[in-house]
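# An overview of the molecular structure
Now for the letters of each chain:
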Amino acid sequence: MELSLRARVRAGDPAAYGELFDEHAAVVHRYAVRATGDWAAAEDVVSLTFLEAWRLREKVEPDGESLRPWLLGIATNVMRNTARAARRHRDALSRLPPKEAIPDFADELVGRMADSERLAAAHRALGRLRRAEREVFVLCVWQGLDYAAAAEALGVRIGTVRSRLSRARARLRKLTEAELEHPRGEPEPPAGNGQVRGSRTAAARPRQERTR
């Protein structure tokens, strides 16, 4: 009887592992790009995900359907770990004396995406969600996993996926529109009716009196 891909991966068959990569590498890459907003980081996530998948191959259940949820679960953990490492790295750098800024041209790669402005706004908004909500949204909406597959990837119950996704959709819609209206780095319009703040008494004095 011919063994399934799951059984062959579990047994450490290199050919099966190659099939697994060919079938799912692009899926993992799209997930990582959308979750991180960084093409180079996404490529690293793919490499680390499949290295980890090979290390954990004996934990694959021999029976079941697609291995995509299992791989996306590994990718989720890889991104959690790399995010923690990046925070520690930034904290360490913040304690060093400041250096001259070097232009970063990585943002040019965002132009390869369709509707990059809205995607950038959505990614900034996504970063403002709670991590649990963010992971569920990316897996279910951007990666197209159903509730059961997302629950398997994240190791939670289906009901938890449903409630997190509902909250994430509602919050993300509002946050994205706010980001598009006032992109980060742009000052918001001043409050009030445009009058200059200051003492009403001073503003009402004749010019000659104020210049004495």
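Structure: see above.
Anyway, here's the lowdown on the structure attached to this text.

Cut-offs used in this document
Per-chain numbering applies: the sequence of each chain, read as written, is numbered from 1 onward. Reporting in this predicted model follows two pLDDT cut-offs: at least 70 for local features of residues, and 80 or more for side-chain atom pairs to be given and counted; totals over whole chains, interfaces and linings ignore these cut-offs and use all residues. Excluding hydrogens and water, the side-chain values take into account all heavy atoms of the structure. Where helices and strands are cited, they refer to DSSP runs of H or I of at least four residues and of E of at least two residues respectively, numbered from the N terminus. Summary of the burial criterion: residues with accessible area below 20% of their type's maximum are buried, those above 50% are exposed, and those between are partly exposed, where the area comes from a 1.4 Å probe applied to protein chains only. Should any heavy atoms of two residues lie within 4.5 Å, those residues are considered in contact. Inter-axis angles, ranging from 0 to 180 degrees, are taken between N-to-C directions of lines fitted to C-alpha atoms, where helices are fitted over the stretch in contact. By definition in this entry, angles of less than 35 degrees are roughly parallel, angles greater than 145 are roughly antiparallel, angles of 65 to 115 are roughly perpendicular, and the rest are oblique. We call a crossing left-handed when the near helix sits turned anticlockwise from the far one by less than a right angle, and right-handed when that turn is clockwise. A pair is scored as a salt bridge if a Lys or Arg side-chain nitrogen falls within 4 Å of a carboxyl oxygen belonging to Asp or Glu. Centre distance within 6.5 Å is the pairing criterion for rings of Phe, Tyr and Trp, where only the six-membered ring of Trp is used; planes under 30 degrees apart are then read as stacked, over 60 as edge-to-face, and the remainder as tilted.

### Brief notes about the overall build of the protein chain
- When you go through the protein chain residue by residue, the secondary structure sums to 10 helices and 0 strands.
- Shown N-terminal to C-terminal, the secondary structure of the protein chain runs as helices and strands in the order α-α-α-α-α-α-α-α-α-α.
- Taking all 212 residues of the protein chain together, the buried fraction comes to 30%.
- In the protein chain, 68% of the contacts between residues at least 6 apart in sequence involve partners at least 24 apart.

### So, the packing of helix α6 (residues 131-142) against helix α7 (residues 147-154)
- It is the contact of α6 with α7, at a shortest axis distance of 10 Å, that shows an interaxial angle of 135 degrees. By the angle class used here, α6 and α7 are oblique. Note on packing geometry: the crossing formed by α6 with α7 is right-handed. Here α6 contributes Glu135, Val136, Leu139 and Cys140 to the contact with α7, which in turn contributes Tyr147, Ala150, Ala153 and Leu154.

### What to know about the pattern of salt bridges
- Scanning all chains against the criterion turns up 8 salt bridges.
- Across the pair Arg8 and Asp13 runs a salt bridge whose closest N-O atoms are separated by 3.3 Å.
- Using a relative accessible area of 18% as the deciding quantity, one classes Arg8 as buried.
- Residues participating in the shared-partner salt-bridge network are Arg130, Glu133, Arg167 and Arg171.

### Brief notes about the side chain of Thr49
- Note on placement: Thr49 falls in helix α3 (residues 39-55).
- For Thr49, a relative accessible area of 0% translates into the label buried.
- With residues near it in sequence (within four places) discarded, Thr49 still touches Val28, Leu71, Ile74, Ala75 and Val78.

### Points about the environment of Ala32
- Relative to the assigned elements, Ala32 resides in helix α2 (residues 14-36).
- For Ala32, the contacting residues outside a window of four places in its chain are Gly37, Ala42, Val45 and Met79.

### Things to note about the packing of α2 against α3
- In contact at an axis separation of 8 Å, α2 and α3 are set at 140 degrees when each is read in the N-to-C sense. The angle between α2 and α3 falls in the class oblique. When the axes of α2 and α3 are compared, the crossing they make is right-handed. Across from Tyr17, Leu20, Phe21, His24, Ala25, Val28, His29, Ala32, Val33 and Thr36 in α2, the residues of α3 making contact are Trp39, Ala41, Ala42, Glu43, Val45, Val46, Thr49, Phe50, Leu51 and Trp54.

### Concerning the packing of aromatic side chains
- All told, the structure shown has 4 aromatic pairs when counted by the stated rule.
- With a centroid separation of 6.3 Å and an interplanar angle of 80 degrees, the aromatic rings of Tyr17 and Phe50 are classed as edge-to-face. Placement of Tyr17 in helix α2 and of Phe50 in helix α3 is noted, with a sequence separation of 33 residues between them.
- Given a relative accessible area of 18%, Tyr17 falls into the buried group.
- Between the aromatic rings of Phe137 and Trp142, the centroid separation amounts to 5.8 Å while the plane-to-plane angle is 70 degrees, which identifies the pairing as edge-to-face.

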